[in-house]
Amino acid sequence: MSEEIKALNFIEHIIEEDLANGLPKEKLRFRFPPEPNGYLHIGHTKAIGISFGLGEKYNAPVNLRFDDTNPAKEEQEYVDAIKKDIAWLGYKWENELYSSDYFQKLYDWAVLMIKDGKAYVDSQSSEVMAEQKGTPTQVGTNSPYRDRSVEENLELFEGMKAGKFPAGTHLLRAKIDMEDPNMLMRDPIMYRIMYAHHHRTGDDWCIYPMYDWTHGESDYLEQISHSLCSLEFKPHRKLYDWFKDNVYEYSKENYPLAPKQLEFARLNLSYTIMSKRKLLRLVEEGVVSGWDDPRMPTISGLRRRGYTPNSIRKFIEKVGVAKRENVIDVSLLEFCIREDLNKTANRVMAVLDPVKVVITNYPKDKEEWLEAENNQEDDSAGFRKVPFSREIYIEREDFKEEAGNKFFRLKLGGEVRLKNAYIIKANEVRKDQNGDILEIQCTYDEDTSKKVKGTLHWVSVKHAITAEIREYDRLFNDEAPDSHGEKDFMEFINPNSLTVKTGYLEPSLAEAKVGEQFQFQRLGYFNVDDDSTPEKLVFNKTVGLRDSWSKQKPKPQNNQNQNKPNPQQQKRSAISVIQQFGKKYTKFPEEKQLKAKAEIQVLAKDVSYDDLEPLFGTAVKKAGTRIVVLIALKELLKNGLEKNEAITEFIEKAKEDKNDILVAEASDI
RNA sequence: UGGCCUAUGGUGUAACUGGCUAACACAUCGGUUUUUGGUACCGAAGAGUCUAGGUUCGAAACCUAGUAGGCCAACCA
C-alpha cells in the first residue's frame, strides 16, 4: 500500500489530535445545519463539502439538521429545495433532523437554569435593553429585572410559554456578565415570545429559542463531535461553550460527549454575490428569471446551467479550507466543469453564427452520411452519422478573405479541413450590396489524408435543425460587487449577461433531452434547458472551451475588465526593479550576477537617495537586497552624492557580513 | 476606546512537531502532439512568507512591538 501523504487542513489536524488524545473514532459525528429560509448557493457548498467530506473521510455519520427556530422566516418549500440540492450533490445524511424537535428538551433545560439562577425573565423594551447592552468599547449595565427571585422567574417563564403575555413583553435571558468584552456574553436572550405558526410544530409553541441557545444544545443532543461553521460565528464560541458547560452538568450521563465548535473562512467567488438577501433582490427585481436562473450562483442555478455535482465537489475540494478571507477566481470553477465534461460530454457540431459555404464541385442532389466519433476521451461513447451535402454552414468568424498565416481557418485560396468530412478550398466570395458575405464558394477534395492546419465544424444547410441558444456572461462587471460600501451592488450589473440566438445544429440533436450535455465542437459545453420542448429546443451554454486563439487577437470591447492593468506591474519604479533583483541576486550564477549588476547601475540613475535610504535598514539575512542597494549606492556616490553617517554605517556593516559578495562590493568603495 | 480572528506568487491552499532549492492547483507565457486553436504531454516565469526587532547552529513556523484587513452592539441564523 502506497501511503499518500495528503496535506491535512486545520480542521483535520484538530480532529487527528483529538483522536490521538483518546477520542474514539466511532464518536466522530458531524452535521450541516441550514436555516430553511432560502435556497442554497455555492457558498453553502463549501460548508456542505467540509462536513460531509469529513463524514466520508472518517466514515462518520453526518446529520442534516434544519435550524428552524424562527417561524417568521422559514418555510417547507425551502426544506424541500435544500434536501433536493444536497442529494443532487451526491451527499447522504445519516438523519434528517430539526431543531424544533428539541423545543421541549430545551425548555426543560431552561427551567433548570432558572432554578440555578443562571437565567432570568426580563420585561423591558428592546430599545432600553439595547442601551443597557453598551457598545464594543463600552461595558453594559444590568437590567433592573436581573435579580428577580427564582420563583418569580419560573412563574413568568411558565406564563410566557402558556401564552399569557403579548409578544415583546417578556424575554428569558441568560445571566452571564454585562461587562464582558464579548457583546454576546452580555446576558444574551434565550427565548422570545412569538405568536407565529411554525412549519412543523404548528401552534404548539409561542416562545421560540434563539440561535445561540438552540444551536449548541442541538449539537450536544445529537452528540456532534465537531461542529463546523463559518468565521463570523467565532465570537459566538464563548457563549456556545458557556451554554454547553451548563447543560452538560444536567445531562452528562445521557449525553457524555461535549461538542466542539470550529470556524473556517467562508467562500467568496469573484464577480459574484453570495448573500441570500441580495440574491433575493435579483429575483424580485427581475434581473434574473428566478432562483434557478442559470446565471445565479445558487445550486439550482448551477445545475440548470449545466454544472455537474462532480464538478462542484471537485471545486470545493480544490478551494481548500483555512481561516483567512479569500476570493476564489471563477476560472477555477470553470476549470472544474470543463475537466468533468471533457470526459463525459458527447461531441456534436453546431453553428451559432452561420455563413453559407457552397461546394461547387459536389453534386447538387448528393448527400452522404459520414461517420463521426462521439467522444475521443471515452472509448465507449461510439459513433454517429452526420449528413454532408453541397451547401453547409460554417461559423462566420472562421472565414476571412485575407489573413496572415497565423489564421488557421478558411481564407480565399486556402484549404481547411471540415471535421469528420473533406478538405475544402475557398475560391470566391459572393456579397450583397452592403458588402456582407452571402456565400463562400469552395471546392472539395476527397483526399482527407492531406495535412492542413485548421479544422472547422460545420452543418449541412439542408439537414440542420434550429434551436434557441442562450449564452451567459457574468452577472456583474465588478470583481467584488458587494464590497463597495457607498455603492449599491446593483450598480455593477452586467447588462449583457444573457444573449439569445438561433443556432443550426446537426440533426442528431433533435432527440436531445432536458438536462443532456454536449460539447459543441470548438465552441463549448451546452446543455438542454428546462424550457426545452421537442418542438423548440433550448440550449444553455455552460462554459466555453479554453480558447488560446481569441486571446491573441485584441478584443474590441469586453465587459469583463480583463484588461485591467496589474497595479503592481504598472508602476514599476527603478527602485522596485532593483529590489526585485535583490531578492534573487545571491541565487544567480556569476554570469547573471554581472548582468544584473550592470542593469542596476543603469537603473541607479533614476533612483534618489531618498529611495535608497530606507533600505539601509534591511534585515541582515537579506543579503541580496543589501548587495543590490550597495551597488546602486555606489553609482550615486560616483555621480556626486555626498557620503553621510548613514551611508558610512551601511557600508561598514556590509564589510563585516558573512556574505562574500556583499563584503567584496563593500570593500570596493 | 475594547475583544476576537487573519496575513505565504495574480488567485487559492500546503510545508507533518523549527531543518534540503518554500510545494501543489488555477490563471499567465512558450513548446510537442492533435481531424476541436479543445484534450494530453513537456517547459518557463512568478513568493526570501506584512514590517521591525528578538530567540536559535538554523525561523514562513516561536517571542515582542507595530501595520493592514475582517468579525462583534437583530426579540435573525
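The sections below set out a description of the structure shown in this document. (Residues numbered from 1 in each chain as written. Chains lettered and ligands numbered in written order. Predicted model: local features only at pLDDT ≥ 70, side-chain atom pairs only at ≥ 80, totals over all residues. Heavy atoms only, no water.)

Attention now moves to the sheet that holds strand β1 (residues 30-32). Spatially, β1-β2-β3 is the arrangement adopted by the three strands of the open sheet, whose pairing is parallel. One side of each edge strand has no neighbouring strand; the edge strands of this open sheet are β1 and β3 (96-98). Taking the axes of each pair of neighbouring strands and ignoring which way they run, one obtains an average angle of 35 degrees across the sheet. Looking at chain direction, β1 and strand β2 (residues 62-66) are connected through three bridges and run parallel. In the strand pairing of β2, Arg-31 is matched with Asn-63. (Pairing = 2+ DSSP bridges. Helix = DSSP H or I, 4+ residues; strand = E, 2+ residues; numbered from the N terminus. Axes fitted to C-alpha atoms, helices over the stretch in contact; angles between N-to-C directions.)

Once that is clear, we can look at the packing of helix α4 (residues 103-115) against helix α8 (residues 237-251). Interhelical geometry of α4 versus α8 gives an angle of 95 degrees and a closest axis separation of 11 Å. Classified by the angle their axes make, α4 and α8 are roughly perpendicular. Packed against α4, whose contacting residues are Trp-109, Leu-112 and Met-113, the element α8 presents Trp-242, Phe-243, Asn-246, Val-247, Tyr-250 and Ser-251 at the interface. By residue class, the composition of the contact of α4 with α8 is seven nonpolar, two polar and no charged. (Parallel < 35°, antiparallel > 145°, perpendicular 65-115°, else oblique. Contact = heavy atoms within 4.5 Å. Nonpolar A, V, L, I, M, F, W, Y, C, P; charged D, E, K, R; others polar.)

The end-to-end C-alpha distance of α4 is 19 Å, a good match for the 18 Å that 13 residues give at a rise of 1.5 Å each. Every buried residue of α4 is listed here: Phe-103, Leu-106, Tyr-107, Trp-109, Ala-110, Val-111, Met-113 and Ile-114. At the exit of α4 stands Gly-117, carrying a positive phi of roughly 75 degrees. (Expected span 1.5 Å × (residues − 1). Buried < 20%, exposed > 50% of the residue type's maximum accessible area, 1.4 Å probe, protein only.)

Attention now goes to the pattern of salt bridges. Pairing is possible between side chains of opposite charge, provided their charged atoms come close. The tally for this structure, following the rule as stated, stands at 45 salt bridges. In this structure, the salt-bridge partner of Asp-293 is Arg-295, at a minimum N-O distance of 3.0 Å. Taking the relative accessible area as the measure of exposure, Asp-293 reaches 3% and is therefore buried. In this structure, Arg-470 engages Glu-468 in a salt bridge whose closest nitrogen and oxygen atoms are separated by 2.8 Å. (Salt bridge = Lys/Arg side-chain N within 4 Å of Asp/Glu carboxyl O.)

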